[in-house]
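Descriptive structure summary
Chain by chain, the residues:
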Amino acid sequence: MPQFAANLSMLYPELDFLDRFEAAARDGFRAVEYLFPYAYEARELRSRLEANGLRQVLFNGPPGDWDGGERGLACLPGREAEFREGVKKAIDYAVALDCPRIHLMAGLLPVGKEREDVQPTYIANLQWAAAEAAKAERDVLIEPINTRDIPRFFLNRQDHAHEIVDMVGASNLKVQMDLYHCQIVEGDVAMKIRKYLPTGRVGHIQIAGVPERHEPDIGEQNYPYLFDLIDEVSAQCGWQGWVGCEYRPKRGMEPGGTSAGLGWLRALQQRT
């Protein structure tokens, strides 16, 4: 069975954020991820992790003006100084939380620009960020995201993400392989797992049901098959990453709704 991390930005929405750590541990999760830690002091987050026996395995770097619609800065010409300050802040949090990886969101393609216009900025920013993260022994991740959920997002495909990794040329730059986004944009998810997991360039996997982004046992993807495939390929290539549960519980804000929707996880646990 893959090792699963609860995404606390989406799971347990009826609870205050800091109370979600205990809820995740109670449901059997051993690790957590979330979008951003910056609204809280690192020591407070660290205390919640330690009190509940949890590992922090992923969070995002500062995204720019999130409430204003920005979704990352890495590809945006003219925002390099802000991007660098955000990376430094993210690394400080990663060290304090003992988190091994940081996702740096690419950002939206500026109006009137093509991908080839801003890709040099993206590559240069990632080269700088990877070098800074390497000093702290952290990985930086890039994630292809579908343009239905985030229109004009710069990075959408697995092959493009791996091309970027090659261009940057940093061993600590990895791809965050979200199977939900991959299914929407490309499909053929099983073959993508077989192709990319053995490369050593997949740093993290995320899951959600397609198309509604609910639990993985709701929707068109056969996740039991994909979980078995991840186990199979991992055994062959030695991949030891985490699978983040980045989905919106179908029962939403209903108290206990997240826990009630974890039948898919309990079924896996009973098999092991």
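Provided above is the structure to which this section pertains.
This report concerns the structure included in the present document. What you see is a predicted model; the values in this text were computed from it and never measured.

**Some details on the pairing of strand β3 (residues 55-60)**
When a strand is regular, its side chains alternate between the sheet's two faces. Burial analysis of β3 places 5 of its 6 residues in the buried class, the great majority of the element. One ladder, built from 3 bridges, connects strand β2 (residues 31-33) with β3; its direction is parallel. Note that in β3 the partner of glutamate 33 across the bridge is leucine 58. Sheet topology note: the β3/strand β4 (residues 101-103) ladder contains 2 bridges and is parallel. Bridge pairing in β4 places asparagine 60 opposite histidine 103. The parallel pair β3 and β4, bridged by helix α3 (residues 80-97), forms a crossover whose chirality is right-handed.

**Considerations on the side chain of glutamate 215**
Checked against the element boundaries, glutamate 215 lands in the loop between β7 (202-207) and α8 (223-237). For the buried glutamate 215, which has no salt bridge, the nearest side chain bearing the opposite charge is lysine 250, at an N-O separation of 7.2 Å. Side-chain polar atoms of glutamate 215 contact the backbone nitrogen of lysine 250, separated by 3.1 Å. Those residues within four positions of glutamate 215 in sequence are excluded, and the remaining contacts are Gly209, Tyr247, Arg248, Pro249, Lys250, Gly261 and Trp264.

**Things to note about the packing of α3 against helix α4 (residues 115-135)**
What describes two packed helices is the angle between their axes and the distance between those same axes. Packing of α3 against α4 brings their axes to within 10 Å, and their N-to-C directions diverge by 30 degrees. What the angle tells us is that α3 and α4 run roughly parallel. Note on packing geometry: the crossing formed by α3 with α4 is right-handed. When α3 is examined against α4, the residues Glu80, Phe83, Arg84, Val87, Lys88 and Ile91 are found in contact with a partner set consisting of Thr121, Asn125, Trp128, Ala129, Glu132 and Ala133. Its residues placed into classes, the contact of α3 with α4 shows 6 nonpolar, 2 polar and 4 charged.

**Describing the environment of glutamine 158**
Within the secondary structure, glutamine 158 is located in helix α5 (residues 158-168). Take glutamine 158: its relative accessible area is 1%, and that puts it in the buried class. Once residues lying within four places of it in the same chain are set aside, the contact partners of glutamine 158 are Pro144, Val175, Met177, Cys182, Glu186 and Tyr196.

**Some remarks on the pairing of β7**
Burial within β7 is extensive, with 6 of its 6 residues counted as buried. As paired strands, strand β6 (residues 173-178) and β7 are joined by 4 bridges and run parallel to one another. Looking across to β7, one finds that methionine 177 is bridged to isoleucine 205. By the bridge criterion, 3 bridges tie β7 to strand β8 (residues 242-245) in an arrangement that is parallel. Directly across from isoleucine 207, in β8, lies its bridge partner cysteine 245. Considered for its hand, the β-α-β crossover made up of β7, α8 and β8 is right-handed.

The rules behind the values
- Residues numbered from 1 in each chain as written.
- Predicted model: local features only at pLDDT ≥ 70, side-chain atom pairs only at ≥ 80, totals over all residues.
- Heavy atoms only, no water.
- Buried < 20%, exposed > 50% of the residue type's maximum accessible area, 1.4 Å probe, protein only.
- Helix = DSSP H or I, 4+ residues; strand = E, 2+ residues; numbered from the N terminus.
- Pairing = 2+ DSSP bridges.
- Right-handed = clockwise from strand over helix to strand, strands pointing away.
- Lys, Arg positive; Asp, Glu negative; His and termini not counted.
- Salt bridge = Lys/Arg side-chain N within 4 Å of Asp/Glu carboxyl O.
- Polar contact = N/O pair within 3.5 Å; in protein donor to acceptor, adjacent residues only side chain to side chain.
- Contact = heavy atoms within 4.5 Å.
- Axes fitted to C-alpha atoms, helices over the stretch in contact; angles between N-to-C directions.
- Parallel < 35°, antiparallel > 145°, perpendicular 65-115°, else oblique.
- Left-handed = near helix turned anticlockwise from the far one by under 90°.
- Nonpolar A, V, L, I, M, F, W, Y, C, P; charged D, E, K, R; others polar.

Read these as geometric descriptors, not functional statements.
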